[in-house]
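Here is what each chain is made of, one letter per residue.
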Amino acid sequence: MRIELDLAKPIYQQIIDEVKRSVARGDLKPGDKLPSHRELAQKAGVNPNTVQRAYREMEQAELVETLRGQGTFIKDNPRLLREIRTGMAHQALAAFIKEMRSLGFRDEEIRELVEDGLKGTGESVLHEIQETEVSTNEHPGNERETTPRQDGEPL
Amino acid sequence: MSILATSGRPPLVKTESLSKSYFLAKALDNVNIEIEKGIIVGLLGPNGSGKSTFLKCLMGLVRPTAGRVLVEGREPDVVTKAKVAYLPEVDHLYPWMSVAETIKFVGAFYRDWQPERVQRLLELINNVDPRVQVGRLSRGQRARLKLLLAMARSAPLVLLDEPLSGIDPPSRARILKAIVSEYEAGEQTIILSTHEVAESESIFDKVIFLHKGRVKMVADAEELRQSRGTSIQAMLEEEYA
C-alpha cells in the first residue's frame, strides 16, 4: 500500500481511500492483513493515532475487522466490495466527464471518443477532433464550422 | 480560553492565565491551554512568539511571572520533572564526551531510560561511530543525538524544542521517522515546537498557534484540513501574513 499524502486533506481519509482503492483493484483481498498502526505510520510518515482513527472508521464501515492479538484484516463483505468498486467507478467517470467538458468537448464527441477508445481506435478520432477544435477556437461561440448549418446567428 | 482536552480524562498539561515577562518584554501573555494525554501537539509560530518559553515553563526551567502551569495537576517540581523528557533548543552536550559516553551519562539520570530503544534509535537515526567525540559531530548528527536522548525515555510528556531547526533535510526526515517509530501512541504526549511545518505537520494530532506570546488558535489538525481545505503550512502563512 503506497500513500502519497496531500496535506490539504484529512490524512485519515486518505488512508481509508487508499485501502478502498487497493481493494477495488484487487491488490487487497478478503482475509489480507493490513500493516500495523506503527508500520503504516512509519511508512507514510504520519501519526500512529491517525492510522488508528482510519482503521477504526473502516471497522465501523465493516470494511475491515481487527482480531485481538492478530491484527487487522480485510473483511469478506461482497456487498461492500461491490459498493466500493461502483463508487470508485462513478468517481472516475465524473472526473473524466468534468475534465473532457472543461477541454471543450461536447457530450456527442465524448461519447464517440469513449466508443472508439473502447474499440482501440481512439487515437485517429482524437486527431480529427483536435484539428476541428483548433478551428473552433478561431470562431468562439460558433457551433461547428465544417457543417454549414448556421441559422444566421450573429457571432 | 482554549481547551484541547476532549476526553473525560484530566488534562496532562494545563496552564491558567500563564504569563511570563523578561524585564519589559512579554514572552507569554495570559495563556490558557489544556493538553490531553496521548497526543502529538505541534507548537507553531514565528520567532519570538513564545514557543520556547512555553516549553521551559512546562519543564520548570522558567517561573511564570503570573498564572500557573500544571503537569499532571502539579506545578513543576522534582516529581513532574521525572516525568518530562526535554530536548532543549540550545546545544547542551559536552563536546569532549564521546557519543557512547554521552548516552551513558544522560541515561544514568533517568529511571525510565530504555536501553533497547537506544539501540533502535542508534540504528534509525545516528549511524555514527559511538566512539566519536560529540564536538566532532556535524550539526545534523548532534541534532539526531539530542533527539535520541529525549526519545530514549519512556516519559509521559516529551517536550521537543525545535528539533528540526538548522539541520539538513535528510536529518529532518530521519528525526521525524524516529519520533513516529518510538512514540508510545495513546500513552505519551509529545509537544514539538517547529518552523518546519511542511515537513512535520503530518505527525500532529493538534496544533497550537502562538503569536507575540498569545494563543492565536488551538485546533485539531485533521479538522483544520477538512474545514479549510488547505495544509497547516498554508494556513500558517495566511494567519501570519
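Use the structure listed above.
Residues numbered from 1 in each chain as written. Chains lettered and ligands numbered in written order. Predicted model: local features only at pLDDT ≥ 70, side-chain atom pairs only at ≥ 80, totals over all residues. Heavy atoms only, no water.

Focus: the interface of chain A and chain B
Applied cut-off: Between two residues, a contact is recorded if the distance between any of their heavy atoms is within 4.5 Å. Put simply, buried area is the surface a 1.4 Å probe can reach on two separate parts but cannot reach once they are joined, added for both. Each salt bridge in this description consists of a side-chain nitrogen of Lys or Arg and a carboxyl oxygen of Asp or Glu lying within 4 Å of one another. N or O atoms within 3.5 Å of each other form a polar contact, as long as, within protein, one can give a hydrogen and the other can take it, and as long as residues adjacent in sequence are counted only when both atoms are side-chain atoms. The helix count covers DSSP runs of H or I at least four residues long, the strand count covers runs of E at least two residues long, and both are numbered beginning at the N terminus.
Between chain A and chain B, the contact holds 17 residues from the first and 23 residues from the second. Summed over both sides, the interface of chain A with chain B buries roughly 1,500 Å², with 50% coming from carbon and sulfur. Area buried by chain A at its contact with chain B is led by Leu7(A), Gln42(A) and Asn49(A), which between them contribute 34% of it. Between the two partners, chain A and chain B, sit zero salt bridges. Between the two partners, chain A and chain B, sit 12 residue pairs in polar contact (both at pLDDT 80 or more). Mapped by element, the contributors of at least two residues to the side of chain A that touches chain B are helix H1 (11-25), helix H2 (37-44) and helix H3 (48-60) of chain A. For the side of chain A that touches chain B, the element with the most residues is H3(A), which contributes four residues.

Here's the deal with the packing of aromatic side chains
Residue and element names in this part refer to chain B. Stated precisely, the cut-off is as follows: Two rings from Phe, Tyr or Trp (for Trp, the six-membered ring) form a pair when their centres are within 6.5 Å of each other. A pair whose planes differ by under 30 degrees is stacked, one over 60 is edge-to-face, and the rest are tilted. Only protein chains enter the accessibility calculation, which uses a 1.4 Å probe; a residue is then buried when its area is under 20% of its type maximum, exposed when over 50%, and partly exposed in between. Think of it as a cone above the ring: NZ of Lys or CZ of Arg counts as a charge over the ring if it is within 6 Å of the ring centre and within 35 degrees of the ring normal.
Considering all chains together, one arrives at four aromatic pairs over all chains under this definition. Aromatic side chains Phe105 and Phe109 sit 5.4 Å apart centroid to centroid with 90° between the ring planes, which places their arrangement in the edge-to-face category. Since its relative accessible area comes to 57%, Phe109 is described here as exposed. In this structure an aromatic cluster arises from ring pairing among Tyr94, Trp96, Phe105, Phe109 and Tyr110. The residue whose ring lies beneath Arg153 is Tyr110, and the NZ or CZ to ring-centre distance is 3.7 Å.

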